[in-house]
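Chain and residue survey
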Amino acid sequence: MSQFLVKEGVKNQIRKGEKLVATHCCYCGMQCGMHIRVNEKTNKVVGVEPRYDWVLTKGKMCPKGVTAYQTIDHPDRIKRPLIKKNGQFVESSWEEALDLIERKYKEIQGEYGRDAIGVYGGVSMTNEKCYLVGKYARVALGTRYIDYNGRYCMSSAAGGFNKTLGMDRGSTLPWTELEHSDCFFMAGSNTAECHPTSIQWFWKAKDKGAKIIVADPRETPTARVADVHLDLLPGTDSALANGIMHLLIKHDYVDTEYVNERCNNFEELKEMTARFTPEYTAKLTGIAVEKIVKAAHIFGKSPRSVVMFARGAEQQTKGVDNVSLYTSMALLRGQIGKFASGVATLTGQGNGQGGREHGQKADALPGYRKITNPKDREYIAGVWGIEPEEMPQEGVSAYEMFNLMEAKTIRGLHVICSNPVVSSPNINYVQKALEGLDFLVVNDFFLSETAELADVVLPTATWAEDEGTTTNTEGRVIRIRKVVDPIGESKPDWEIMQLIAERMGKGKFFPYKEPREIFDELRIASKGGKADYYGVTYEKIDAQDGVFWPAPAEDHMGTPSVFKDKFATEDGKANLAVCDWREPGEIPNTGYPLWLTTGRVVFHYLTGNQTRRVGFLMDQCPEPFVEIHPELASQYQIQNGERVKISTPRGEMTAPARITKAIRKDTLFVPYHWGKEQSINQLTSPALDPFSRMPEFKVCAVKLEKLTK
Amino acid sequence: MNKIMYLEFERCIGCRACQAACRECGDHDAKERNYVEYVDFTESRQTFPMLCMQCKDPACARVCPANAIQITEEGVVLSAMEEKCIGCRNCTFGCPFGIPKFDFEKNKMYKCDMCYDRTREGISPMCASVCPSDAIRFIDFDEMQELRRRRTQMNLIEGKKPQEGNKWDYVPEFFGVYTDSNQ
Ligand code: SF4
Ligand code: SF4
Ligand code: SF4
């Protein structure tokens with residue numbers, strides 16, 4: 001068990017008979033530093049204490065972080081394996097559960113081939129586990145079908161960054177530099193609610209005169225304080241970015257030297273953006289011309305600016321276009337690779353960065369290697385001790401896996417750290433696909449909506465019951481510490497994968513005794529790749545408050561700012577994005593005349609499987625709601641608090657109306673943290689981005705109805 | 001020690017981390033003592049935090065017939081003493097800011113004590129520690145004065161002038177002076 005206590009010289013309240021263990025929050029990509037209070041006698045978690053010395057967050061936490069410890073010793077924890085018998089879950093021994101899994105896996109694979117078992121991973125867990133999920137699928141099960149919930153989260157950002165910059169590190173700069181920036185252009189990010197502790201940096205900058213531009217259909221708490229709020233229609237980011245670049249070029253704000261030296265495609269971009277005049281942009285985006293012009297001038301004049309975006313811009317059929325175009329805005333201004341400027345995506349899940357780097361994705365191998373590249377296959381096969389020919393081929397994206405389940409190509413599934421019947425779009429379809437499986441295994445520590453459908457539920461340890469590392473939104477690798485032993489018979493996911501691997505006769509490929517050994521293997525597996533962790537060690541993380549990848553050598557300090565001299569593309573130059581306007585997958589029509597967009601509230605995390613079990617958070621936000629502008633509400637004769645019905649061709653739900661002027665008049669907003677009949681994902685569109693295969697959660701056409709008494 | 005609670009209402013993002021954290025403080029019995037309210041949700045998402053002003057001459061203590069509300073030497077107005085509080089709830093009505101809360105199960109009042117357990121040791125109160133948006137801060141008196149001057153200066157740079165309707169935007173309010181040694 002970790003004995004890491006408070007840093008010397010930092011004053012914390014340490015109560016008698018208690019000790020503090022320094023770790024990080026389990027939820028979003030900010031990965032706020034925190035101490036967990038442990039009673040030394042009982043060895044139970046008793047509370048939380050701020051971690052003032054953590055560089056990025058300085059002791060600050062959002063309400064999820066403050067209450068996170070309450071999920072550890074929670075009465076709902078699953079403590080023994082559950083096997084479904086006659087439609088009911090019955091507690092069982094590990095022996096029995098593993099016997100069943102072994103028998104079923106072998107049966108299904110024997111009859112339908114190895115690819116008939118799929119693996120569905122997640123990134124709300126450590127790098128060690130995320131890495132092992134990829135290896136588990138390919139080596140223990142030998143299946144090509146593996147993908148993960150990051151497909152719904154970071155895939156468009158990854159696609160866009162790879163296209164323009166040649167490498168996907170969520171932030172090109174460390175966020176401690178943000179206080180020195182002069183301008184933030186934030187698109188599709190409800191930053192204050194989704195990454196609350198980042199706000200302190202924006203205030204620091206604002207206190208020195210920095211400007212904030214926010215593009216969002218809603219007047220979020222960040223938009224409220226912005227210098228310009230670009231209240232765009234959902235799904236029109238690409239038009240906005242093209243429009244801003246049109247003005248940057250027109251008003252000579254382009255850093256010509258930088259662009260000539262470091263970027264390709266400028267002429268093509270100029271030609272493309274020529275048509276995006278403020279008037280045309282205003283027509284597509286629904287933003288007033290003056291606002292677009294004002295934003296372009298503020299952004300253009302700022303010597304140091306950071307362009308930031310999140311799921312609002314990424315969860316679209318144009319997600320990759322949007323990311324590439326916003327990134328190009330920063331490139332035109334010559335910002336990337338310089339002090340206090342650059343581009344960043346706000347990572348949604350705790351380890352959304354690290355978890356996407358090491359081979360949990362259908363087409364990826366550790367260190368951002370490609371499963372389609374023979375050299376990469378060979379290298380990783382070597383690290384894993386298998387023949388390159390044994391390495392499965394590329395699989396399909398998360399949502400497409402459900403198509404394959406429907407088609408009976410995938411007949412068994414192992415879900416690790418995810419809750420896809422709440423988080424996927426069009427969940428009525430997804431639920432049917434999962435119900436149609438011959439065999440479903442789910443690892444979780446609470447009985448999620450997905451776990452309810454399982455044949456076997458394996459109880460896992462929470463983040464506080466295991467060691468490991470995560471990589472925060474900046475690209476900084478940090479340490480998660482074991483605070484207490486796993487509750488009941490629960491086990492960390494890596495141990496579970498190891499046990500199943502043994503049953504599948506592949507035990508010798510999984511010889512780990514502790515997470516550190518997995519990390520050391522990951523370091524070698526990622527060595528030479530773009531996300532190179534070779535020089536990251538647990539000791540170095542402690543010694544220097546985290547290590548930014550890439551760290552390609554043992555004595556390398558890490559790389560806080562990337563792309564200083566060149567980009568990671570083949571010719572070292574960034575590729576400016578040339579993307580024309582495309583309509584969203586679905587637009588309002590006579591039957592469904594309004595726009596629907598979804599998002600988070602500050603009190604809940606992802607599918608709410610954890611936060612919906614915390615009293616304080618549920619008190620604040622017990623159920624989903626529909627945000628409606630008063631003018632729209634008046635047309636439908638809807639009162640505040642009244643339950644309304646909303647529907648799309650895929651599904652319908654009712655929820656109370658929350659009337660506020662802080663949203664566009666033609667758009668409804670519903671948060672997505674609830675399951676079953678409370679889930680807005682019954683309604684959302686499964687249209688996929690052609691490049692990243694990201695579903696279009698953020699845009700679809702919807703019908704609003706007043707319920708008759 | 002000479003520290004004060006410094007609030008900047010317009011920074012509040014309504015996350016209520018301050019309330020979740022208040023429950024975590026020493027003898028707070030998992031009950032929060034602070035408030036976060038919307039100004040008017042129909043108009044905007046603006047919220048604001050509210051905590052005890054630690055008044056110099058606290059109405060709650062003055063109206064308490066049992067003398068149950070103690071004021072520490074640092075000027076912190078504590079929750080009612082368990083053995084003295086008779087549960088009459090005068091304090092909850094007496095406070096002009098509506099700060100004291102009442103625990104009907106235990107039949108006693110409880111309120112913000114500036115996390116006396118912590119601040120006594122010079123450690124920031126829970127709400128000010130966690131507030132992700134720096135809407136609540138626990139800072140030196142001098143730093144506070146500097147911040148107020150800075151605010152005026154920023155307004156000068158931006159060419160803004162306070163008017164009747166928005167003067168709150170110009171003078172950040174502070175309260176809860178922890179000691180009066182600087183008065
Ligand atoms: S959820 Fe995110 S912002 Fe909130 S405490 Fe956890 S890491 Fe910090
Ligand atoms: S923690 Fe800060 S930002 Fe959050 S509600 Fe409280 S005062 Fe407002
Ligand atoms: S100072 Fe302490 S008691 Fe007062 S509101 Fe803040 S956390 Fe609660």
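Everything quoted here is computed from the prediction, not taken from an experiment.

Topic: the overall build of chain B
- Within chain B one finds six helices and nine strands.
- For chain B, with 183 residues in total, the buried portion stands at 55%.
- Considering only residue pairs separated by 6 or more positions, chain B has 61% of its internal contacts joining residues 24 or more positions apart.
- Carbon and sulfur atoms provide 48% of the accessible area of chain B, an area that totals close to 8,600 Å².

Regarding the interface of chain A and chain B
- Counting from both sides, the interface comprises 47 residues of chain A and, opposite them, 38 residues of chain B.
- Its largest share of buried area at the contact with chain B, chain A owes to A:W203, A:R224 and A:F616, together 18% of the area lost on that side.
- At the junction of chain A with chain B, the criterion picks out six salt bridges.
- Our count for the chain A to chain B interface comes out at 20 residue pairs in polar contact (both at pLDDT 80 or more).
- Of all the elements in the fold, those that place two or more residues in the side of chain A that touches chain B are β3 (45-50), α1 (63-67), α6 (199-207), α7 (221-224), α23 (615-620) and β26 (651-659) of chain A.
- With five residues, the top contributor of residues to the side of chain A that touches chain B is α6(A).
- Residues that form the side of chain A that touches chain B fall into these classes: 20 nonpolar, twelve polar and 15 charged.

Things to note about helix α3 (residues 127-141) of chain A
Residues and elements named next belong to chain A.
- Here α3 is 15 residues long and its end C-alpha atoms lie 20 Å apart, about the 21 Å a rise of 1.5 Å per residue gives.
- At K135, α3 shows its strongest bend, of approximately 35°.
- Positive phi shows up at G142, right after α3, with a value of about 65°.

Points about the packing of aromatic side chains
All names here are of chain A.
- The tally for this structure, following the rule as stated, stands at 22 aromatic pairs over all chains.
- With a centroid separation of 5.3 Å and 40° between ring planes, the pair formed by F519 and Y538 is classed as tilted. With F519 in helix α21 (residues 515-526) and Y538 in helix α22 (residues 538-543), this residue pair connects regions lying 19 residues apart in the sequence.
- Residue Y538 is classed as buried on the basis of its relative accessible area, which comes to 3%.

Focus: the nonpolar core
All names here are of chain A.
- Grouped together as the largest cluster of nonpolar side chains are 114 residues, with contacts concentrated most on Y105, Y136, F185, Y326 and L332.
- The biggest single contributor to this core is α3, with nine residues.
- Two domains share this core, each providing at least three of its residues, namely domain 2 (94-153 + 351-548) and domain 3 (155-345).
- Residues within four places of L332 in sequence aside, it is in contact with M245, L248, I249, Y253, V254, D255, V259, F266, L269 and L576.
- Grouped together as the second largest cluster of nonpolar side chains are 90 residues, Y27, L56, M186 and A633 included.

Concerning the pattern of salt bridges
Residue and element names in this part refer to chain A.
- Tallied over the full model, the rule gives 62 salt bridges over all chains.
- A salt bridge links E18 to R37, with the nearest nitrogen and oxygen atoms 2.9 Å apart. Residue E18 is located in strand β1 (residues 18-24), and its partner R37 is located in strand β2 (residues 33-39); the two are separated by 19 residues in the primary sequence. Residue E18 shares its accessibility class with R37, and that shared class is buried.
- Two residues, D99 and R503, come together in a salt bridge whose shortest N-O distance is 2.7 Å.

Regarding the site of ligand 2
- Taken together, 14 residues surround ligand 2, and among them B:C12, B:C15, B:R16, B:C18 and B:C131 come closest.
- Grouping the constituent residues of the shell around ligand 2 by class yields eleven nonpolar, two polar and one charged.

Some details on the confidence of the model for chain B
Residues and elements named next belong to chain B.
- When pLDDT is averaged along chain B, the result is 85, and 83% of the positions lie at 70 or above.
- Throughout residues 171-183 the model reports pLDDT below 50, and contacts reaching past four residues in sequence, or to other chains, amount to 49 contacts.
- Scored as a whole, the predicted complex attains pTM 0.94, and scored at its interfaces, ipTM 0.94.

Here we look at the site of ligand 3
- With respect to spatial proximity, the complete set of residues near ligand 3 consists of B:M5, B:C22, B:H28, B:N34, B:C112, B:D113, B:M114, B:C115, B:P125, B:M126 and B:C127.
- Looking at side-chain class alone, the shell around ligand 3 contains eight nonpolar, two polar and one charged residues.

Focus on the domain arrangement of chain A
All names here are of chain A.
- When its domains are assigned, chain A resolves into domain 1 (18-71), domain 2 (94-153 + 351-548), domain 3 (155-345) and domain 4 (594-706).
- Computed over C-alpha atoms only, the centres of domain 2 and domain 4 are separated by 30 Å.
- Carbon and sulfur atoms make up 55% of the surface buried where domain 2 meets domain 4, a total of about 1,900 Å² over both sides.
- On the domain 2 side of the interface with domain 4, the three residues burying the most area are V422, N426 and F446, jointly 23% of the side's total.
- Joining domain 2 to domain 4, the criterion identifies three salt bridges.
- A salt bridge links K676 to E452; its shortest N-O distance comes to 2.7 Å.
- One can count 14 residue pairs in polar contact (both at pLDDT 80 or more) joining domain 2 with domain 4.
- When residues of the side of domain 2 that touches domain 4 are traced back to their parent elements, those giving at least two are α16 (398-406), α17 (420-423), α18 (427-435) and α19 (449-452).
- Class assignment for the residues of the side of domain 2 that touches domain 4 results in nine nonpolar, eight polar and five charged.

A closer look at the state of the cysteines
- Applying the stated criterion across every chain, the model contains zero disulfides over all chains.
- In this structure A:C183 is not part of a disulfide, and its nearest cysteine sulfur, from A:C263, lies 19 Å away.

Rules of the game
- Residues numbered from 1 in each chain as written.
- Chains lettered and ligands numbered in written order.
- Predicted model: local features only at pLDDT ≥ 70, side-chain atom pairs only at ≥ 80, totals over all residues.
- Heavy atoms only, no water.
- Helix = DSSP H or I, 4+ residues; strand = E, 2+ residues; numbered from the N terminus.
- Buried < 20%, exposed > 50% of the residue type's maximum accessible area, 1.4 Å probe, protein only.
- Contact = heavy atoms within 4.5 Å.
- Areas by Shrake-Rupley, 256 points an atom, 1.4 Å probe, with all protein chains shown as cover.
- Buried area = accessible area lost by both parts, 1.4 Å probe.
- Salt bridge = Lys/Arg side-chain N within 4 Å of Asp/Glu carboxyl O.
- Polar contact = N/O pair within 3.5 Å; in protein donor to acceptor, adjacent residues only side chain to side chain.
- Nonpolar A, V, L, I, M, F, W, Y, C, P; charged D, E, K, R; others polar.
- Expected span 1.5 Å × (residues − 1).
- Bend = angle between axes of the 7 residues up to and from the residue.
- Phe/Tyr/Trp six-rings, centres within 6.5 Å; stacked < 30°, edge-to-face > 60°.
- Core = buried A, V, L, I, M, F, W, Y, C linked by side-chain atoms within 4.5 Å.
- Domains from an automatic or database assignment.
- Near = heavy atom within 4 Å.
- pLDDT = per-residue confidence, 0-100.
- Disulfide = S-S within 2.5 Å.

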